[in-house]
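# Observations on chain architecture
Here are the chains, one letter per residue:
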2 protein chains.
Amino acid sequence: MENNEKFMRLAIEKSLESVDNGGGPFGAVVVKDGEVVAVASNSVTLDNDPTAHAEVNAIRMACKKLGTFDLSGCEIYASCEPCPMCLASIYWARIGKLYYANTKVDADKIGFSDSFIYEEFAKPESERSIKVVKMLRNEAIKAFENWEKKEDKVDY
Amino acid sequence: MENNEKFMRLAIEKSLESVDNGGGPFGAVVVKDGEVVAVASNSVTLDNDPTAHAEVNAIRMACKKLGTFDLSGCEIYASCEPCPMCLASIYWARIGKLYYANTKVDADKIGFSDSFIYEEFAKPESERSIKVVKMLRNEAIKAFENWEKKEDKVDY
């Protein structure tokens, strides 16, 4: 548990630094085999990138460092409960274990709409705030058929 | 509707090209005021980035081009129904309208676990496949307090 606390404190330290440096109040750390692979903070406003949450940044950094898109065997420490984007990116990266500190309710209280997005996900598509139009599936499916037929594809 | 089809066909075209070029079978286009701002495909395996889905790539590209993290007033055309990561990133980017063609069920059939992740989201945390540990909220909350107190912060 001692190491877990050390890694989480590193994520928290980044979140504190980030506030001072003009980023969002979030930090994340990716760990593999007891070693820190990546440490990142939220840089949405600094990088003009709405996807640059701490967890996404840490995952991108870890993948770059390890030369892979597959972080199986890694753990992630997030100073706040991941939003749906970050949680899904953790799944896509195949990270098996998540530690977090602040909650989505805490995030909501300081103006980050994590809970709102989670609620949207739970609604049927037609009741969500975003307008959705389905079209041209009959044409788009060709790419999926080609993918299936491709013999040298890199599965992920 | 004619323009909508034109934009969706551009996303589909990118998805087809992507399969030929070694990327995943997905394309996305961001449009503002009837003009294409960004066109992207999935580059997870090409870039070693599990977050590099077509929609995320298109959003990042559009933000870079427009010099903002806020794509209010933009629309996104995705050759496939967005996975939870991409859908959340569309919310964070404040895109108001989404067009898609293939569905998450189609994606699942060719080996992309979009539906699996949506199902995980609907489960209580303790029943998800990813292990979750909560810790040190009492220390992490300091960053949120500092954020609240900060007068020159860039809200988003």
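Everything numeric here is computed off the predicted structure, so don't read it as measured data.

Time to look at the environment of A:Lys134. With respect to the element layout, A:Lys134 can be found in strand E5 (residues 131-134). As for A:Lys134 and A:Lys123, which are separated by eleven residues in sequence, their C-alpha atoms are 17 Å apart.

With that settled, consider the confidence of the model for chain A. Residues at a pLDDT of 70 or more form 99% of chain A, whose mean pLDDT is 95. Reported confidences for the modelled complex are a pTM of 0.96 and an ipTM of 0.96.

Across the sheet, which stays open at both edges, the five strands sit in the order E5(A)-E4(B)-E3(B)-E1(B)-E2(B) with mixed pairing between neighbours. Since the sheet does not close on itself, it has two edges, and those belong to E5 of chain A together with strand E2 (35-41) of chain B, each with one partner. Neighbour-to-neighbour, the strand axes of this sheet turn through a mean angle of 20°, independent of strand direction. As defined by bridge partners, strand E3 (residues 74-80) of chain B adjoins strand E4 (residues 97-102) of chain B across five bridges and the pair is classed as parallel. Within E4(B), the residue paired with B:Tyr77 across the bridge is B:Tyr99. Docked against the sheet, helix H7 (residues 137-149) of chain A engages E5 of chain A together with E3 and E4 of chain B, running at close to 60° with respect to E4(B).

Another aspect to go through is the packing of H7(A) against helix H1 (residues 2-21) of chain B. Here H7(A) crosses H1(B) at 10°, and the two axes come no closer than 9 Å. The orientation of H7(A) with respect to H1(B), classified from their angle, is roughly parallel. The segment H7(A) lies against H1(B), with A:Glu139, A:Ala140, A:Lys142, A:Ala143, A:Asn146 and A:Trp147 engaging B:Arg9, B:Ile12, B:Ser15, B:Leu16 and B:Val19. Considering only residue class, the contact of H7(A) with H1(B) consists of six nonpolar, two polar and three charged.

Moving on, we come to the interface of chain B and chain A. Contacts between the two partners involve 69 residues from chain B, matched on the other side by 70 residues from chain A. Element by element, the count of residues in the side of chain B that touches chain A is highest for helix H7 (residues 137-149) of chain B, at ten residues.

Turning next to the relation of the copies chain B and chain A. With an RMSD of 0.0 Å, the operation that places chain B on chain A is a rotation of 180° combined with a shift of 0.0 Å along the axis. On the angle and the small slide along the axis, the relation comes out as a two-fold axis. In terms of C-alpha distance to the rotation axis, chain B has B:Met85 as its closest residue, with the C-alpha 2.0 Å off the axis. Comparing contact sets, 100% of the residues at the interface of chain B also lie at the interface in chain A, consistent with an isologous, same-surface contact.

When the terminal C-alpha atoms of helix H1 (residues 2-21) of chain A are compared, their 28 Å separation across 20 residues agrees well with the 28 Å that a helix rising 1.5 Å per residue should span. Summarising the contacts, the buried residues of H1(A) are in contact with strand E1 (27-32), strand E2 (35-41), strand E3 (74-80) and strand E4 (97-102) of chain A together with H7 of chain B. Phi turns positive one or two residues past the end of H1(A), at A:Gly22, with a value near 95°.

Glancing now at the sheet that holds strand E5 (residues 131-134) of chain B. Strand order in the open sheet made by the five strands is E2(A)-E1(A)-E3(A)-E4(A)-E5(B), with mixed pairing throughout. A strand with exactly one partner marks an edge of an open sheet, and here the two such strands are E2 of chain A together with E5 of chain B. Averaged over all neighbouring strand pairs, the angle between strand axes comes to 20°, with direction disregarded. On the sheet, H1(A) packs against E1, E2, E3 and E4 of chain A and is oriented at approximately 150° with respect to E1(A).

To continue, consider unusual backbone geometry. Residue and element names in this part refer to chain A. Unlike most non-glycine residues, Arg94 shows phi in positive territory, near 65°. Its location among the elements puts Arg94 in the loop between helix H4 (84-92) and E4. Taking the number of C-beta atoms within 10 Å as the measure of exposure, Arg94 has 16 and is therefore partly exposed.

On to H7(A). Given a rise of 1.5 Å per residue, 13 residues ought to cover 18 Å, and the 19 Å separating the end C-alpha atoms of H7(A) matches this to within 8%. Taken together, the buried residues of H7(A) touch H1, E3, E4 and helix H5 (104-109) of chain B.

The rules we used
- Residues numbered from 1 in each chain as written.
- Chains lettered and ligands numbered in written order.
- Predicted model: local features only at pLDDT ≥ 70, side-chain atom pairs only at ≥ 80, totals over all residues.
- Helix = DSSP H or I, 4+ residues; strand = E, 2+ residues; numbered from the N terminus.
- pLDDT = per-residue confidence, 0-100.
- Pairing = 2+ DSSP bridges.
- Axes fitted to C-alpha atoms, helices over the stretch in contact; angles between N-to-C directions.
- Contact = placed C-beta atoms within 7 Å.
- Parallel < 35°, antiparallel > 145°, perpendicular 65-115°, else oblique.
- Nonpolar A, V, L, I, M, F, W, Y, C, P; charged D, E, K, R; others polar.
- Least-squares fit on C-alpha atoms with pLDDT ≥ 70 in both.
- Expected span 1.5 Å × (residues − 1).
- Buried ≥ 20, exposed ≤ 12 C-beta atoms within 10 Å, placed from the backbone.

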